[in-house]
Amino acid sequence: MSGATSGDTAAKSLPLILARELAANLATPMFLLDSAGMLVFYNDAAALLIGKPFGELDTLSGVEFGGLLQLCDPDGEPVRGRDTPSGIAYFERRPGHKTLVATGFDGVRRTVNATAYPLFATADELHGVVTVFWPAEAP
Amino acid sequence: MRAQVWGCRGSLATPGADTVRYGGNTSCVEVQLESGETLVLDAGTGMRSLGVEMMRDLPAEIHVLLTHLHLDHLQGLGFFRPLFQAGTTVHLWGPASPVQSLAERIALYLSPPLFPVRLTDIPARVVFHDEPDDLTIGSASIRASKVAHQGPTVGYRIEEAGRTLAYIPDHEPSPGGRLDDQPAEWISGHDVAHGADVLFHDAQYGDDEYPTHVGWGHSCIDHVIGFAQKADVGTLLLFHHDPYHTDEELELLLADARRRWNGDGDRVGLAREGMTVELDRGGVRISG
């Protein structure tokens, strides 16, 4: 996951723009990776769980983002970036779902359910990845 | 290049006493390039009279650039006389869908029971070009980019001789929201309109009408002014007039738009049938 950056001022593709618009209007935590695997947005609901607004984050890839959150499984085993739901969606081009433990920038460890899916405009044209997550204890 | 408006009404052809000044035909703009080629932006009902005019000196090739396939942008195609002239080549450029080609999508309209003549029976040679992106026609460089509307839709950016014409007739750049705090690269259509000398842009609703039409794929005055200013366009021409808006109501919308354009409201106008826009090294001239 490297290439474009979230600071890249090149025009974003319409599927990504629409996904960001959707995320910005949802109370469900959501983040977006672009076609290069870079983290390009997360919404205010996600910021509450992550512990930092998106605008305060440096440019980083989805894998680096997962590393910052110290992702592990419920047994405490670290989860590689490509084995997270967003990694599965990006690298394997299919939906992914897992329960993960994430440590936010506020130092709080939270168990979350995460679901990710790739954004295809055509059968083989990946525009990015959408990931939603929510606290595992929530109904 | 020289552009002429043959239709600028949105959604539905609206002839009548209340629409005489700005016209009732739906979207169709002819663009004559310096190199001689003819482009036709959209195939709304304005295309019928354009076709009649083109028959006086019929070009061998015509390029029709469709933004999308809603009927108000397609209905004139079946009444475009050059299509019924053997020996003419009509290039149809437009968006495919993820599951259907452009030809398959257009054939849904140009076939019974919606239309008596099948696409395959048209005498002219029709060449389909799915998913235009960056293309060159004659002396013009043309860019088509997907924009936010309803279904697959593009806007066109036409550059020739150092001048740029942008055409985004159907567009809701920020459904339900505002554009002020959006980074430019995250605004649908910004890459089409940025720095254009002239922008034809959707202005279907007054701001008071928009709340009941969020998500319908069209802009209100607040959107179009915010979009055009952020894109730093030279002249904004309000386009795709709502079929329920009379001439007088359109002029009220124009006055509202001009008030909002910081300091130089004369850079905003209403597209009208018969309007011509000339863009060349000498500048931009609008008449009609």
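Whatever comes next refers back to the structure up there.
Residues numbered from 1 in each chain as written. Chains lettered and ligands numbered in written order. Predicted model: local features only at pLDDT ≥ 70, side-chain atom pairs only at ≥ 80, totals over all residues. Heavy atoms only, no water.

1. Digging into the overall build of chain B
For step 1, the next point in the chain: The helix and strand tally for chain B stands at 5 helices and 15 strands.
For step 2, the next point in the chain: The C-alpha radius of gyration of chain B comes to 18 Å, within 12% of the 19 Å expected for a compact globule of 288 residues.
For step 3, the next point in the chain: Taken over the C-alpha atoms alone, chain B extends approximately 50 × 45 × 40 Å along its principal axes.
For step 4, the next point in the chain: Put simply, chain B has 288 residues, and 58% of those count as buried.
For step 5, the next point in the chain: Across chain B, contacts joining residues at least 24 apart in sequence account for 68% of those joining residues at least 6 apart.
For step 6, the next point in the chain: Approximately 11300 Å² of chain B is accessible, and the part contributed by carbon and sulfur atoms is 49%.
For step 7, the next point in the chain: Between the averaged position of the 22 positive side-chain charges in chain B and that of its 41 negative side-chain charges there is a distance of 3 Å. (Helix = DSSP H or I, 4+ residues; strand = E, 2+ residues; numbered from the N terminus. Rg over C-alpha atoms; globule rule 2.2 N^0.38 Å. Buried < 20%, exposed > 50% of the residue type's maximum accessible area, 1.4 Å probe, protein only. Contact = heavy atoms within 4.5 Å. Areas by Shrake-Rupley, 256 points an atom, 1.4 Å probe, with all protein chains shown as cover. Lys, Arg positive; Asp, Glu negative; His and termini not counted. Charge placed at Lys NZ, Arg CZ, Asp CG, Glu CD.)

2. With respect to unusual backbone geometry
Residues and elements named next belong to chain B.
For step 1, the next point in the chain: Residue Pro113 is bonded to the preceding Pro112 through a cis peptide linkage, with omega at 5°.
For step 2, the next point in the chain: The topology assignment puts Pro113 in the loop between helix H2 (102-107) and strand E6 (125-130).
For step 3, the next point in the chain: Of note in the backbone geometry, Asp42 takes a positive phi value of approximately 75° without being a glycine.
For step 4, the next point in the chain: Checked against the element boundaries, Asp42 lands in the loop between strand E3 (38-41) and helix H1 (46-54).
For step 5, the next point in the chain: You can call Asp42 buried: its relative accessible area is 0%.

3. Description of the nonpolar core
For step 1, the next point in the chain: Grouped together as the largest cluster of nonpolar side chains are 29 residues, with contacts concentrated most on Val31, Ile142, Ile158, Leu165 and Phe200 of chain B.
For step 2, the next point in the chain: Beyond its immediate stretch of four places on either side in the chain, Val31 of chain B contacts Met1, Arg2, Ala3, Glu37, Thr38, Leu39, Leu41, Ile158 and Leu165 of chain B. (Core = buried A, V, L, I, M, F, W, Y, C linked by side-chain atoms within 4.5 Å.)

4. As for the pattern of salt bridges
All names here are of chain B.
For step 1, the next point in the chain: Scanning all chains against the criterion turns up 16 salt bridges over all chains.
For step 2, the next point in the chain: Here Arg281 ties to Glu34 by a salt bridge, and the two come within 4.0 Å at their closest N and O atoms. Of this pair, Arg281 sits in the loop between strand E14 (276-280) and strand E15 (283-287) while Glu34 sits in the loop between strand E2 (28-32) and E3, and the two are 247 residues apart along the sequence.
For step 3, the next point in the chain: Exposure remark for Arg281: the relative accessible area of 65% places this residue in the exposed category. (Salt bridge = Lys/Arg side-chain N within 4 Å of Asp/Glu carboxyl O.)

5. Examining the pairing of strand E2 (residues 39-42) of chain A
If a strand is regular, its side chains alternate between the two faces of the sheet.
Residues and elements named next belong to chain A.
For step 1, the next point in the chain: Where strand E1 (residues 30-34) meets E2, 3 bridges bridge the pair, whose relative direction is antiparallel. Bridge pairing links Leu32 to Phe41 in E2.
For step 2, the next point in the chain: Between E1 and E2, which pair antiparallel and follow one another directly, the connecting turn spans 4 residues, one of which, Gly37, has a positive phi of 85°. (Pairing = 2+ DSSP bridges.)

6. Details of the pairing of strand E5 (residues 89-94) of chain B
All names here are of chain B.
For step 1, the next point in the chain: Of all 6 residues making up E5, 6 are buried, and the element is well covered by its neighbours.
For step 2, the next point in the chain: Here E5 shows a buried face lined by Thr89, His91 and Trp93 and a second buried face lined by Val90, Leu92 and Gly94.
For step 3, the next point in the chain: Relative to E5, strand E4 (residues 61-65) runs parallel, the two being bridged by 5 bridges. Each bridged residue has a counterpart across the sheet, and for Val64 the counterpart in E5 is Leu92.
For step 4, the next point in the chain: Viewed along the sheet, the connection from E5 through H2 into E6 turns out right-handed. (Right-handed = clockwise from strand over helix to strand, strands pointing away.)

7. Regarding the sheet that holds E2 of chain A
Residue and element names in this part refer to chain A.
For step 1, the next point in the chain: With respect to topology, 5 strands assemble into an open sheet ordered E2-E1-E5-E4-E3, the strand pairing being antiparallel. Two strands bound the open sheet, and with one partner strand each, they are E2 and strand E3 (96-103). Between one strand and the next, the sheet's axes are offset by a mean angle of 25°, whatever the strand orientation.
For step 2, the next point in the chain: Relative to strand E5 (residues 125-135), E1 runs antiparallel, the two sharing 5 bridges. Across the sheet, Phe31 pairs through a bridge with Thr131, a residue of E5.
For step 3, the next point in the chain: Across the sheet, helix H1 (residues 14-24) lies against E1, E2, strand E4 (109-122) and E5, angled at about 165° from E1, the strand it touches most. (Axes fitted to C-alpha atoms, helices over the stretch in contact; angles between N-to-C directions.)

8. Observations regarding the sheet that holds strand E11 (residues 198-202) of chain B
All names here are of chain B.
For step 1, the next point in the chain: Reading across from one edge, E7-E8-E9-E10-E11-E12-E13 is the order of the 7 strands in this open sheet, with mixed pairing throughout. The open sheet has two free edges, formed respectively by strand E7 (134-137) and strand E13 (268-270), since each of these has just one partner strand. The mean inter-strand angle of the sheet, taken between neighbouring strand axes irrespective of direction, is 20°.
For step 2, the next point in the chain: Pairing of strand E10 (residues 163-168) with E11, which is carried by 4 bridges, proceeds in the parallel orientation. In the strand pairing of E11, Ile168 is matched with His201.
For step 3, the next point in the chain: Of the strands in this sheet, strand E12 (235-239) and E13 are in contact with helix H5 (residues 247-260), which crosses E13 at around 170°.

9. Description of the layout of surface pockets
For step 1, the next point in the chain: Considering only enclosed or pocket space, the largest pocket measures out at about 950 Å³ in volume.
For step 2, the next point in the chain: Every residue lining the largest pocket is counted, 42 residues in all, and those nearest its centre are Ser13, Leu14, Pro15 and His127 of chain A together with Lys146 of chain B.
For step 3, the next point in the chain: Among the secondary structure elements, those contributing two or more residues to the lining of the largest pocket are H1, E4 and E5 of chain A together with strand E8 (140-146) and helix H3 (190-193) of chain B.
For step 4, the next point in the chain: The volume enclosed by the second largest pocket comes to roughly 270 Å³.
For step 5, the next point in the chain: Considering the residues around the second largest pocket, the lining is formed by 15 residues, among which Arg20, Ala24 and Phe41 of chain A together with Asp181 and Gln182 of chain B are closest to the centre.
For step 6, the next point in the chain: Per-element tally for the lining of the second largest pocket: the top contributor is H1 of chain A, with 3 residues.
For step 7, the next point in the chain: Classifying every residue of the lining of the second largest pocket by side-chain character gives 4 nonpolar, 6 polar and 5 charged. (1 Å grid on protein atoms, 1.4 Å probe; cavity = no way out; pocket = protein on both sides within 12 Å on 5 of 7 lines; lining within 4 Å. Points joined across faces, edges and corners; volume = space filled by probe spheres on them. Nonpolar A, V, L, I, M, F, W, Y, C, P; charged D, E, K, R; others polar.)

Just geometry here; none of it tells us what the structure is for.
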